[in-house]
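Residue-level structure breakdown
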Amino acid sequence: MQHLTKRWCMKPLSFCVSLQMFLVALSFAYFAKALSGSYMKSTITQLERRFDIPSYLIGVIDGSFEIGNLLVIAFVSYFGAKLHRPKIIAIGCLLMSLGTFLIALPHFIIGRYKFETSIRSSVNSTSDLSPCPVRSSVLAAGPSASSVPSSGCEHESMLSMWIYVFLGNILRGIGETPVQPLGISYIDDYALEENAAFYIGTSTIIGPVFGYLLGSVCAKIYVDIGFVNMESISITPGDARWVGAWWLGYLIAGLITLLSAVPFWFLPKSLPLPERRLAKYSPERTSFIKDSPLLEHKYQADEPANFLEMAKDFLPTLRSLLGNPVYFLYLCITIIQFNSLIGMVTYKPKYIEQHYGQSASKANFLMASCNADCQCPETNWDPVCGENGLTYFSPCLAGCRTSHGSGIDTVFEECSCVAVGNHTASAGQCNYRDSCHRVFPYFLALSVITSFIISLGGTPGYMLLIRCIRPQLKSLALGFHTLTTRTLAGIPAPIYFGAIIDTTCLKWGQKKCGGRGACRIYNTTAYRYSLITTLDLHICSAVWGWNKQK
């Protein structure tokens with residue numbers, strides 16, 4: 001450790017302490033923003049079910065982070081490089097924290113989660129639970145309950161609680177804006193050139209690991225834990241109606257992000273430049289840096305800042321940046337790559353859940369002769385698993401006449417559509433496929449390997465980006481790169497990937513006051529091939545781009 005410190009710091013102790021403190025603070029900020037971002041990805045299924053919205057709308061919510069980033073990234077990257085960078089990063093962390101807390105707000109104002117079920121909540125329940133009522137008696141009783149609007153619909157229809165999540169994610173995007181461009185440019189300015197990559201690489205994001213772990217833990221906790229009697233809950237985490245404690249992780253992530261802002265308030269605006277000999281640039285490098293070949297790579301950021309002069313210089317500076325052929329080609333290629341990467345990362349947890357968590361056979365929701373005497377609402381989703389291994393959308397569609405037990409222990413009997421054994425069915429979907437359990441570890445290992453390979457290009461890519469341009473343009477180059485990739489990849493990719501996923505839905509849920517809700521079950525084969533086809537198109541485009549660059 002002592003050897004590394006001497007290698008990093010060729011300046012007085014105060015310089016070394018300040019630089020290392022900034023590195024630790026930036027690493028923690030990266031951890032915090034990555035944790036909350038990956039946690040958002042891990043909760044998309046929970047948000048779909050809680051707010052009864054389709055996947056494309058989840059894509060809009062996910063893309064709102066990029067919208068917030070888009071609003072300020074160019075100005076923060078350009079003007080922020082000339083101002084107090086650590087304090088601007090601190091303000092960004094505070095905004096990220098507020099946005100994360102805002103995302104969790106709907107849980108505390110929306111009321112308790114209610115799901116459709118025909119299962120009694122307790123043994124002492126006195127309600128009539130005949131899953132398959134005789135058609136004549138139903139007709140005599142008038143319209144079915146599912147066709148009668150629920151009380152309070154006039155009030156509830158005016159409330160779209162997912163808007164709070166949308167706005168909170170926009171605020172997160174605004175707050176995250178200065179962390180990357182200002183943080184990386186600050187490190188690169190005050191580290192020795194040969195060690196700059198080491199500094200930037202040290203800020204490796206381990207946040208996603210903890211974000212997904214946190215998402216996994218919270219998904220197993222019922223959304224209204226502490227406010228309801230858990231014995232009355234008749235569904236399990238494997239049920240398509242289950243909603244985990246999605247709000248809990250956002251409170252934790254918001255607190256961590258708030259703490260990450262503290263160190264930046266105590267860091268200086270600038271540090272002494274590291275001693276170094278004048279660089280001797282290669283002909284290749286001087287061919288795309290349109291300045292003196294002996295131009296120093298570092299520069300002091302604390303020049304007198306006149307806002308009007310900086311504003312006038314913005315467009316010519318941007319034109320100069322885009323005129324750099326290496327920078328422009330790198331920008332185009334990463335836009336293509338990020339489209340596939342962001343789409344994959346956003347819906348990967350959902351893909352795993354759907355593809356590796358379905359029963360062995362297709363769910364049965366047809367009106368065959370076995371349930372012809374029942375008045376079965378086709379909109380209900382109350383799955384049961386028959387002895388024949390089929391998942392039925394409701395006890396009524398399974399032709400079940402009686403039931404006993406309560407909660408998740410309910411057993412339906414005299415099920416005319418279950419033509420084996422004792423003609424019984426149990427609450428919930430059928431167990432997962434054994435073959436999926438065997439294949440999943442291989443899928444996980446392959447995912448880890450590919451993610452590692454993809455990440456290898458991250459730091460070299462940034463070093464290429466900041467080395468192919470003039471030193472004064474580093475913050476703007478990083479910021480504009482982030483701006484364009486998020487505008488042309490971060491915003492549209494989750495939306496069109498979500499729309500493609502929606503086309504593979506087999507059964508849509510119904511909202512309390514009518515209308516289509518969240519998807520309950522997908523055609524996993526169509527789901528898989530639609531994503532593979534989209535990813536292949538992006539990969540082909542990226543390969544073509546690299547060949548053009550060569």
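This is a predicted model, so every value here is computed, not measured.

A few points about the sheet that holds strand S4 (residues 411–413)
- What the five strands build is an open sheet, ordered S2-S1-S5-S4-S3; its pairing is antiparallel. Where the open sheet ends on each side, the last strands, each with one partner, are strand S2 (391–392) and strand S3 (402–404).

Let's talk about helix H20 (residues 492–502)
- Of the positions making up H20, those classed as buried are Ala493, Pro494, Phe497, Gly498, Ile501 and Asp502. Angular distribution of buried residues about the axis of H20 spans 160°; they occupy a single face of the element.

A word on the packing of aromatic side chains
- In total, this model carries eleven aromatic pairs according to the counting rule given.
- Look at phenylalanine 51 and tryptophan 246: their rings are 5.7 Å apart centre to centre, the planes differ by 65°, and that puts the pair in the edge-to-face class. Taken together, the residues span a long stretch of sequence, with phenylalanine 51 in helix H3 (residues 44–51) and tryptophan 246 in helix H12 (residues 246–260) at a distance of 195 residues.
- Given the relative accessible area of 1%, tryptophan 246 is considered buried.
- Taken together, the ring pairs connect Tyr39, Phe51, Trp246 and Tyr250 into an aromatic cluster.
- For lysine 33, the ring lying beneath its charged end belongs to tyrosine 30, and the centroid distance is 4.9 Å.
- One Lys or Arg, arginine 112, reaches over the ring of phenylalanine 227 and ends 4.3 Å from the middle of that ring.

Description of the packing of helix H16 (residues 325–355) against helix H19 (residues 474–490)
- For the pair H16 and H19, interaxial distance at closest approach is 9 Å and the crossing angle is 40°. In terms of their interaxial angle, H16 and H19 are classed as oblique. Here the hand of the crossing between H16 and H19 comes out right-handed. Between H16 and H19, the contacting residues are Tyr327, Tyr330, Leu331, Thr334, Ile335, Phe338, Asn339 and Ile342 on the first element and Ala477, Phe480, His481, Thr484, Thr485, Leu488, Ala489 and Gly490 on the second.
- Its residues assigned to classes, the contact of H16 with H19 comprises ten nonpolar, six polar and no charged.

Section: the environment of tyrosine 30
- With respect to the element layout, tyrosine 30 can be found in helix H2 (residues 13–42).
- Distance from tyrosine 30 to glutamate 176, taken between C-alpha atoms, is 9.3 Å for residues 146 residues apart in sequence.

Some details on the nonpolar core
- In this structure, Leu47, Phe51, Trp246 and Tyr250 are the most contacted members of the largest nonpolar core, which totals 48 residues.
- Ignoring any residue separated from it by four or fewer positions in sequence, one finds leucine 47 in contact with Met40, Asp52, Ile53, Ile58, Val165, Trp246 and Tyr250.
- If you look at the next biggest cluster of nonpolar residues, it comprises 43 residues, including Ile89, Ala90, Ile187 and Met463.

Quick look at the pairing of strand S7 (residues 516–522)
- With six of seven residues buried, S7 lies mostly within the body of the structure.
- Bridging between strand S6 (residues 505–510) and S7 involves four bridges; their strand directions are antiparallel. Note on S7: the bridge partner recorded for lysine 507 is isoleucine 521.

What to know about the state of the cysteines
- If you walk through the whole model with that rule in mind, you get two disulfides.
- One disulfide in the model links cysteine 400 with cysteine 415; its S-S distance is 2.0 Å. Since a negative S-S torsion denotes a left-handed disulfide, the cysteine 400-cysteine 415 link at about 100° is right-handed. A residue pair is termed long-range when its members are at least 10 positions apart, and cysteine 400 in the loop between S2 and S3 and cysteine 415 in the loop between S4 and strand S5 (425–427) qualify at 15 residues. Side by side, cysteine 400 and cysteine 415 carry an identical accessibility label, which is buried.
- Covalently, cysteine 505 is tied to cysteine 519 through a disulfide, its sulfur atoms 2.1 Å apart. Between cysteine 505 and cysteine 519, the S-S torsion sits near 105°, and that sign places the bridge as right-handed. Here cysteine 505 is found in strand S6, whereas its partner cysteine 519 is found in strand S7, with 14 residues between them in sequence. Just as cysteine 505 is buried, cysteine 519 falls in that class too.

A look at a nonpolar patch on the surface
- Taken together, the side chains of Met21, Phe28, Ile91, Leu94, Leu255, Leu258, Leu259, Val262, Trp265 and Phe266 make up a nonpolar region of the molecular surface, amounting to roughly 890 Å² of accessible area.
- Among the secondary structure elements, those contributing two or more residues to the nonpolar patch are H2, helix H5 (85–104) and H12.
- With three residues, H12 is the largest single contributor of residues to the nonpolar patch.
- Mapped onto the elements of the fold, leucine 259 is located in helix H12.

Observations concerning the UniProt feature "transmembrane region" (unreviewed entry) in the protein
- Under the feature "transmembrane region" (unreviewed entry), the UniProt entry names residues 53–76, 88–110, 196–223, 244–266, 327–347 and 442–465.
- Within the segment residues 53–76, helix and strand shares are 92% and 0% respectively, and the terminal C-alpha atoms sit 34 Å apart.
- With 100% helix and 0% strand, residues 327–347 has its two end C-alpha atoms placed 30 Å apart.

With respect to the pattern of salt bridges
- For the structure on display, the rule yields six salt bridges.
- Two residues, glutamate 176 and lysine 33, come together in a salt bridge whose shortest N-O distance is 3.1 Å. One end of the pair, glutamate 176, is in helix H8 (residues 162–176); the other, lysine 33, is in helix H2, and 143 residues separate them in sequence.
- Judged by its relative accessible area of 2%, glutamate 176 is buried.
- As a salt-bridge pair, arginine 241 and aspartate 382 come within 2.9 Å of each other at their nearest N and O atoms. With a gap of 141 residues between them, arginine 241 in the loop between helix H11 (207–219) and H12 and aspartate 382 in the loop between H16 and strand S1 (384–386) connect regions that are remote in the sequence.
- The network of salt bridges with common partners includes Lys33, Glu66, Glu176 and Arg486.

Conventions we followed
- Residues numbered from 1 in each chain as written.
- Predicted model: local features only at pLDDT ≥ 70, side-chain atom pairs only at ≥ 80, totals over all residues.
- Heavy atoms only, no water.
- Pairing = 2+ DSSP bridges.
- Helix = DSSP H or I, 4+ residues; strand = E, 2+ residues; numbered from the N terminus.
- Buried < 20%, exposed > 50% of the residue type's maximum accessible area, 1.4 Å probe, protein only.
- Arc of directions from axis to C-beta.
- Phe/Tyr/Trp six-rings, centres within 6.5 Å; stacked < 30°, edge-to-face > 60°.
- Lys NZ or Arg CZ within 6 Å of the ring centre and 35° of its normal.
- Axes fitted to C-alpha atoms, helices over the stretch in contact; angles between N-to-C directions.
- Parallel < 35°, antiparallel > 145°, perpendicular 65-115°, else oblique.
- Left-handed = near helix turned anticlockwise from the far one by under 90°.
- Contact = heavy atoms within 4.5 Å.
- Nonpolar A, V, L, I, M, F, W, Y, C, P; charged D, E, K, R; others polar.
- Core = buried A, V, L, I, M, F, W, Y, C linked by side-chain atoms within 4.5 Å.
- Disulfide = S-S within 2.5 Å.
- Patch = residues over 30% accessible without salt bridge, like charges linked within 9 Å, V, L, I, M, F, W, Y side chains within 5 Å.
- Areas by Shrake-Rupley, 256 points an atom, 1.4 Å probe, with all protein chains shown as cover.
- Salt bridge = Lys/Arg side-chain N within 4 Å of Asp/Glu carboxyl O.
- UniProt positions renumbered as here; feature names shortened; annotations may be inferred.

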